[in-house]
Amino acid sequence: MCSSDLNEEAPTREFDGNEEAYSSAKAESERRLKAIVGNKLTIVRPNAIHGSRDVSPDILSWLLRAQRGGTHIGPGDGNDYAEETVDVKDVARFLIASIDRRITGTFNLTGHPIAFRDYLAACNEATNSDAQWIWVPKEFLAQQGIADWNHFLGWNTDPANRGFNQISSQKALSAGWRPRPFKETALDILAYYRAPNSKVVDWHHPQIPWEDPLTPAKEQAVLSAWKN
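Residues numbered from 1 in each chain as written. Predicted model: local features only at pLDDT ≥ 70, side-chain atom pairs only at ≥ 80, totals over all residues. Heavy atoms only, no water.

**Student:** Which residues make up empty space enclosed by the protein, and what are the values?
**Tutor:** Applying the stated criterion across every chain, the model contains one cavity of 30 Å³ or more. Taken as a whole, the largest cavity spans an internal volume of roughly 40 Å³. Lining the largest cavity are Asp 58, Ile 59, Ala 82, Glu 83, Thr 85, Tyr 119, Leu 153 and Gly 154. (1 Å grid on protein atoms, 1.4 Å probe; cavity = no way out; pocket = protein on both sides within 12 Å on 5 of 7 lines; lining within 4 Å. Points joined across faces, edges and corners; volume = space filled by probe spheres on them.)

Shown next as C-alpha cells:
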C-alpha cells in the first residue's frame, strides 16, 4: 500500500502480548472494544500530540533554533516528511463533537503531511524569524555523529517509517474537523516553555530535564565543516 493510501482502512499491527508496545496494544484494544460495542464505537487515532502544556521538545527544539536567528542545519535536502502532529485542543474538540453529534467510526487525527522545508518555514513564521536553514545530507551528518532523531527531532529517513508521516485525516475533515494553524500550536508550546515551573523532558528518560544535544557551538562547527 502506498503511503498516500494510509487511511483508517489500512491494516493494523497484530498484538503479540506485549502491553508496553503502544501501537500493537492500541490496535488490539480497538479490536476488542469493537467486538463488545460494535458500530456504536468512536475510535480516534491521533499522531504526535502537541500544544498547550507540551512537555516534549519535539517541536520546541526547532522553534528555539528558529528564534535564535542566524544559520542552522536543515537535515537532508528538505524533501523528507516531518513528523505529522496534531494539537491537543483539536483532539479534545473532535472528541467533544463526537459525543455531541454522535459521530461514530474510526478517525485519524494527524494534521497534514508536510515536507521538512515547509515545516521549518512554518517554525520561522511562528517565531517571526529570518533564520536560514542550510540543507546538509544525512551522510555528512553521520560523519559528524549527529544523523539521528535526538539531534533533529521529527526527522526520520527510515523507509520503514515513511508512511507514518503521511497518514490521511480526510475522513475526520469530511466529518467537520478543522485543525488549528501550526502557528497557534507553536505559540502555545513557547508560552508553556516560558511559564514558571514548566517541565520539558527527554521523552526517552521522562525524569531528566531536556537539553538540546545540538548546542549552538556544535551546530556551527558542523556547518563550518560542511561549507569547507
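**Student:** Go over helix 4 (residues 116-126), please, and point to the residues and values.
**Tutor:** Within the sequence span of helix 4, burial applies to Phe 116, Tyr 119, Leu 120, Ala 122, Cys 123, Asn 124 and Ala 126. Phi turns positive one or two residues past the end of helix 4, at Asn 128, with a value near 55 degrees. (Buried < 20%, exposed > 50% of the residue type's maximum accessible area, 1.4 Å probe, protein only. Helix = DSSP H or I, 4+ residues; strand = E, 2+ residues; numbered from the N terminus.)

**Student:** Before we move on, can you summarise the packing of aromatic side chains with the specific residues and values?
**Tutor:** Evaluated as defined, the whole model comprises nine aromatic pairs. A ring pair is formed by Trp 62 and Phe 116, whose centres lie 5.3 Å apart and whose planes are at 70 degrees; its orientation type is edge-to-face. One end of the pair, Trp 62, is in helix 2 (residues 60-68); the other, Phe 116, is in helix 4, with 54 residues separating them in the sequence. Linked through ring pairs, Trp 62, Phe 116, Tyr 119, Trp 133, Phe 152, Trp 155 and Phe 182 together constitute an aromatic cluster. Looking at Arg 65, its charged tip hangs above the ring of Trp 62, at a distance of 4.7 Å from the centre. (Phe/Tyr/Trp six-rings, centres within 6.5 Å; stacked < 30°, edge-to-face > 60°. Lys NZ or Arg CZ within 6 Å of the ring centre and 35° of its normal.)

**Student:** If you had to explain the side chain of Asp 58 to someone new, which residues and values would you point to?
**Tutor:** Residue position: Asp 58 is located in the loop between strand 2 (48-50) and helix 2. Buried and unpaired, Asp 58 has no salt bridge, with Arg 65 as the nearest side chain of opposite charge at 11 Å. What Asp 58 contacts, discounting residues up to four positions off in sequence, is His 50, Glu 83, Tyr 119, Leu 153 and Trp 203. (Lys, Arg positive; Asp, Glu negative; His and termini not counted. Salt bridge = Lys/Arg side-chain N within 4 Å of Asp/Glu carboxyl O. Contact = heavy atoms within 4.5 Å.)

**Student:** Now, about the layout of surface pockets: what can you tell me, with residues and values included?
**Tutor:** Of the volumes computed, that of the second largest pocket is approximately 330 Å³. Together, 18 residues line the second largest pocket, and Thr 85, Gly 111, His 112, Arg 180 and Phe 182 are the ones closest to its centre. With three residues, the single largest contributor to the lining of the second largest pocket is strand 4 (residues 85-87). Each residue belonging to the lining of the second largest pocket can be placed in one class, and the counts come to eight nonpolar, five polar and five charged. (Nonpolar A, V, L, I, M, F, W, Y, C, P; charged D, E, K, R; others polar.)

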